[in-house]
Amino acid sequence: MILDKDLTNLLSEMESGHFDSGDMLEKYEDLSFDNRRSFLKQTFELLKERNLLLEINKELGKQLELGPLISKIVSRTTEILNADRSSLFLIDCQKDELYSKVAQGIDFLEIRFPISVGIAGHVARTGEILNLEDVYQHPLFNQGIDKSTGYRTKSMLCMPITNIAGLNMGVIQVINKKRGVFTHRDIEVLKSLSRPLSLALENAILYEDTKASQKKIEALLKVANSLSSALDLNSLFSTIMAKAAELLSADRSSLFLIDNETNELWSSVVAGAEVKEIRFPKHLGIAGQVATTGKILNIPDAYDFPGFNKDIDKKTGYRTKSILCMPIMGLSNQIIGVTQVINKSTGVFNHSDEEMLGAFSAQAAISLQNSQLFEKTVTMKKYLEAMLSSLSNGVITLDHKRRVVKCNPVSAKIFGHKNPEDLQGNNFAELLGCDNTNILKEVEKVFECKQSNSLYDVDYRKPCGEKISLNIAAVPLMDDAGNSLGIVLVTEDITKEKRVKSNLTRYMSKDLVEKLTSGNDRLELGGTKREVTILFSDIRGYTSLTEKLGPNEIVEMLNEYFTHMVDAIFKYDGVLDKFIGDAIMAVFGAPVVFPDHALKSVNAALEMKTALEGFNAERIARGKVPIQIGIGISTGEVLCGNIGSDKRMEYTSIGDGVNLSSRLESATKLYRAMTLLSEFTYEQVKGHVFTRELDFIRVKGKRKPVRIYQLLGQAGCILDDTTMKTVESFSIGHELFFRRDFRSAHKSFLKALEYDPNDLPSTLYLHRCETCIETPPPEDWDGVYDLKEK
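Criteria and cut-off values
Residues numbered from 1 in each chain as written. Predicted model: local features only at pLDDT ≥ 70, side-chain atom pairs only at ≥ 80, totals over all residues. Heavy atoms only, no water. Helix = DSSP H or I, 4+ residues; strand = E, 2+ residues; numbered from the N terminus. Buried < 20%, exposed > 50% of the residue type's maximum accessible area, 1.4 Å probe, protein only. Contact = heavy atoms within 4.5 Å. Areas by Shrake-Rupley, 256 points an atom, 1.4 Å probe, with all protein chains shown as cover. Polar contact = N/O pair within 3.5 Å; in protein donor to acceptor, adjacent residues only side chain to side chain. Salt bridge = Lys/Arg side-chain N within 4 Å of Asp/Glu carboxyl O. Phe/Tyr/Trp six-rings, centres within 6.5 Å; stacked < 30°, edge-to-face > 60°. Expected span 1.5 Å × (residues − 1). Arc of directions from axis to C-beta. Core = buried A, V, L, I, M, F, W, Y, C linked by side-chain atoms within 4.5 Å. Axes fitted to C-alpha atoms, helices over the stretch in contact; angles between N-to-C directions. Parallel < 35°, antiparallel > 145°, perpendicular 65-115°, else oblique. Left-handed = near helix turned anticlockwise from the far one by under 90°. Pairing = 2+ DSSP bridges.

Participant: I'd like to hear about the overall build of the chain, residue by residue, with values.
Facilitator: Within the chain one finds 24 helices and 26 strands. For the chain, the residues scored as buried account for 43% of the 790 residues in total. Taking the contacts inside the chain whose residues are at least 6 apart along the sequence as the reference set, 57% of them involve residues at least 24 apart. Total accessible area computed for the chain in this model is approximately 43000 Å², and 52% of it derives from carbon and sulfur atoms.

Encoded structure:
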């Protein structure tokens with residue numbers, strides 16, 4: 001209908017809503033009859049349209065669900081504009097995509113495409129309104145869609161939806177006007193409709209975001225509760241994978257942790273009743289890429305992703321489609337693992353899923369690290385318990401109420417109980433009992449002074465009455481801040497050690513026993529070659545003495561004699577090897593090594609001489625016969641160790657040094673000398689003792705001769721004048737004899753005998769000189785005297 005200018009102006013005022021009713025009435029009366037009819041008809045159409053918009057606005061305002069709202073908007077827009085169909089797309093600014101929700105059964109399917117695609121994308125980007133009479137003429141229209149669906153798209157009205165701030169939030173497009181093409185009036189109607197649509201859509205988006213956030217929080221709270229209740233790492237693996245799949249509506253999920261030591265990704269998989277561990281290099285596959293780069297991978301189709309291995313699907317028959325893989329960040333913002341969910345049940349994973357999995361992964365990271373910490377704590381607890389159980393000493397911790405908090409099996413045994421649990425929680429004073437207040441007093445000192453205290457060789461009586469000896473070390477127990485937690489008692493049962501020490505003192509001095517058992521000197525058993533000094537002593541005329549004395553008196557005499565001699569040997573750290581009848585064998589320098597073992601042996605021999613003089617004085621005072629002894633000492637390399645059979649063995653020394661010492665002890669009878677030293681011992685003690693060289697002998701069973709010396713006293717000792725002159729004359733004669741000046745030597749020996757007619761060595765050499773004068777020895781004579789007897 002063609003209206004004149006006045007009717008057109010009047011309708012424009014009416015449509016704008018900005019008019020004066022009196023003025024409008026005057027203008028209405030000026031219209032012709034036909035124009036009045038047209039005006040009223042269009043006014044009624046406008047009122048109907050406005051009422052419909054109000055109705056739609058009211059209807060849409062009640063709908064808060066985005067899917068149903070879009071469906072209703074599309075339906076009502078199609079109806080208002082008398083079109084065949086409509087569609088609405090919202091802008092996702094974060095992903096530069098257009099998306100919509102399409103009804104599919106009772107649910108809604110989300111569809112997405114890039115904002116750069118199609119007519120809708122153009123309008124969304126530019127804000128331009130497009131009214132196309134034939135869309136096939138527009139270059140952005142994809143005719144392939146019509147061909148695939150069989151539908152023919154003709155006319156299209158596409159318009160942006162702007163929010164209150166004037167920003168594009170979406171696009172609405174109306175397709176195929178049923179009669180003709182879309183007019184300017186349709187554009188105005190759609191513009192009017194877009195305003196309430198934007199409000200309804202913003203409310204729905206806000207509601208959906210709020211609802212999604214609430215749902216996410218509720219889901220994460222449930223997940224947090226599930227994860228917090230699992231501390232075992234294997235069960236936590238299963239829980240995390242199950243919850244991840246449930247949370248994101250995925251078909252399955254997997255979790256991999258990084259092993260920094262091996263540079264691998266690993267996971268725990270339950271296979272029946274077994275828990276199997278799978279491992280692969282950290283850089284392999286999609287999980288490896290995420291673990292290496294720390295970037296999220298949201299893959300719509302795994303087969304289009306180059307890093308996906310299709311062979312795994314071929315082997316299992318499973319079809320992997322969508323994958324969302326995300327790093328798990330630890331407390332120090334380091335990557336500790338990777339979680340991935342596979343095949344979302346409703347399409348592909350979206351940005352909301354990424355946020356959800358990110359929040360889930362953050363919670364999982366805490367649980368995983370708590371679990372790993374718990375596992376380390378349990379492992380360390382077991383390690384410490386195993387360590388405490390393997391200790392040979394008892395360990396007990398006491399709190400400030402003097403109650404036993406922790407103890408190991410050894411401590412329970414020491415204090416007379418079967419199990420550590422029998423001690424734990426009990427008062428320490430009650431455990432000790434009234435017979436052991438000495439220990440309790442020392443423990444209280446540690447509590448009061450907060451300083452370590454050690455008790456050595458403490459007597460403790462067990463509940464059963466058994467008495468044992470303990471070493472106890474009490475140490476304050478402090479935390480990292482230096483606050484007292486109680487004390488630690490380290491106890492050692494030294495009862496056997498005391499018994500061993502007591503037995504060892506029968507063979508060596510107490511000081512040497514302490515040194516040997518202190519751990520500073522290692523006792524090497526099984527045979528060790530080392531240089532030592534051997535001392536042999538024997539009672540002269542012991543056989544005839546036994547014939548004169550009765551058995552009881554012999555035993556009494558030997559016990560007294562051995563006591564004096566052993567004390568002298570122990571005084572200089574000698575070790576009693578054995579008693580052989582009336583003979584004594586002692587070793588210096590084994591099992592504990594002394595560099596001055598030779599000097600210790602000769603000092604022991606001089607001490608034995610002094611002790612023997614005192615012993616004989618006592619015997620003479622009691623009217624008993626004094627005894628004389630001979631001592632042989634030699635230094636050399638011997639084999640020290642356990643000698644014997646499997647059933648019985650003893651620690652002793654064997655070797656040439658032992659045999660030579662024994663021969664020298666026998667030779668003391670020949671020279672009527674109390675103590676003889678071999679040249680090997682003499683070389684180590686000369687300058688410390690006073691000796692005279694007696695002879696150059698070859699003992700029986702040996703080819704190599706050895707020089708022997710008579711021990712007379714300490715260096716610088718004062719001897720009587722007769723002895724000194726005798727020794728001096730003998731030494732001159734001895735030197736002349738070995739220089740083959742037998743006549744001059746004969747005179748010196750005679751002179752020595754003038755000073756001491758009883759000096760047997762001088763007498764022996766005097767006879768040798770006479771023999772050599774009568775029958776001169778050959779040119780290769782070396783002066784060696786062969787001992788005929790052992």
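Next comes the rest of the account.
Participant: Can you tell me about unusual backbone geometry, naming the residues and giving the values?
Facilitator: That bond from Ala590 to Pro591 is cis: its omega, 0°, falls within 30 degrees of zero. Mapped onto the fold, Pro591 is located in the loop between strand S20 (583-588) and helix H19 (597-621). Backbone geometry places Asn176, a non-glycine residue, at a positive phi of 60°. Structurally, the position occupied by Asn176 is in strand S6 (residues 168-177). Positive phi outside glycine occurs at Arg672, with the angle close to 50°.

Participant: Provide a residue-level description of the environment of Ser86, including the pertinent values.
Facilitator: Structurally, Ser86 is set in strand S1 (residues 83-92). Under the relative-accessibility criterion, Ser86 is labelled buried at 12%. Residues Ser86 and Ile175, 89 residues apart in the sequence, show an inter-C-alpha distance of 5.7 Å. Those residues within four positions of Ser86 in sequence are excluded, and the remaining contacts are Val74, Thr77, Thr78, Gln173 and Val174. Only 2.7 Å separates the side chain of Ser86 from the side chain of Thr78, close enough to count as a polar contact.

Participant: Before we move on, could you go through the pattern of salt bridges and cite the residues and values that matter?
Facilitator: Summed over all chains, the structure comprises 30 salt bridges. Residue Glu97 is joined to Arg112 by a salt bridge in which the shortest nitrogen-to-oxygen separation is 2.8 Å. Note that Glu97 is positioned in strand S2 (residues 97-104) and Arg112 in strand S3 (residues 107-114), a separation of 15 residues in sequence. The class of Arg112 is partly exposed, set by a relative accessible area of 30%.

Participant: Lay out the packing of aromatic side chains with the relevant residues and their values.
Facilitator: Going through the model one piece at a time under the given rule, you end up with 17 aromatic pairs. Judged by centre distance (5.5 Å) and plane angle (80°), the rings of Phe730 and Tyr765 are edge-to-face. Taken together, the positions of Phe730 in helix H22 (residues 721-738) and Tyr765 in helix H24 (residues 760-774) put the pair 35 residues apart, joining distant regions of the chain. Of the two residues, Phe730 and Tyr765, neither departs from the other in class, the shared state being buried. When the ring of Phe738 is compared with that of Trp781, the centres are 6.4 Å apart and the planes differ by 20°; the resulting orientation is stacked. Placement of the pair is Phe738 in helix H22 and Trp781 in the loop between H24 and strand S26 (785-786), with a sequence separation of 43 residues. Ring pairing ties together the aromatic residues Phe730, Phe737, Phe738, Phe742, Phe749, Tyr765 and Trp781, which thus form one cluster.

Participant: Would you mind going over helix H14 (residues 437-449) in detail, with residue names and values included?
Facilitator: For H14, with 13 residues, the first-to-last C-alpha span of 19 Å sits near the 18 Å given by 1.5 Å per residue. Looking only at H14, the buried set comprises Ile439, Val443, Val446 and Phe447. Buried residues of H14, viewed axially, fall in a sector of 100°; they line one side. Relative to its buried face, H14 has exposed residues pointing more than 90 degrees away, namely Lys441 and Glu448.

Participant: Provide a residue-level description of the nonpolar core, including the pertinent values.
Facilitator: Within the largest apolar cluster, 38 residues are counted, with the highest numbers of intra-cluster contacts made by Leu535, Met557, Tyr561, Met565, Val602 and Ile627. Contributions of two or more residues to this core are made by strand S18 (528-539), helix H18 (551-571), S20, H19, strand S21 (629-644), helix H21 (679-685) and strand S25 (706-714).

Participant: Which residues make up the packing of H22 against H24, and what values do they have?
Facilitator: Taken N-terminus to C-terminus, the directions of H22 and H24 make an angle of 30°; their axes are 11 Å apart at the nearest point. What the angle tells us is that H22 and H24 run roughly parallel. In this structure, H22 meets H24 at a crossing whose hand is left-handed. In contact with Phe730, His734, Phe737 and Phe738 of H22, H24 contributes Pro761, Ser762, Tyr765, Arg768, Cys769 and Cys772.

Participant: So what about the pairing of S1? Which residues, and what values?
Facilitator: Each regular strand displays side chains that alternate between the two surfaces of the sheet. For S1, a buried count of 8 out of 10 residues is recorded, marking the element as mostly surrounded by other parts of the structure. In this sheet, S6 lies alongside S1 in antiparallel orientation, the contact comprising 7 bridges. Note that in S6 the partner of Ser86 across the bridge is Val174.

Participant: Mind laying out the side chain of Thr691, listing which residues take part and the relevant values?
Facilitator: Mapped onto the elements of the fold, Thr691 is located in strand S24 (residues 689-698). According to the relative accessible area criterion, Thr691 is buried, its value standing at 15%.

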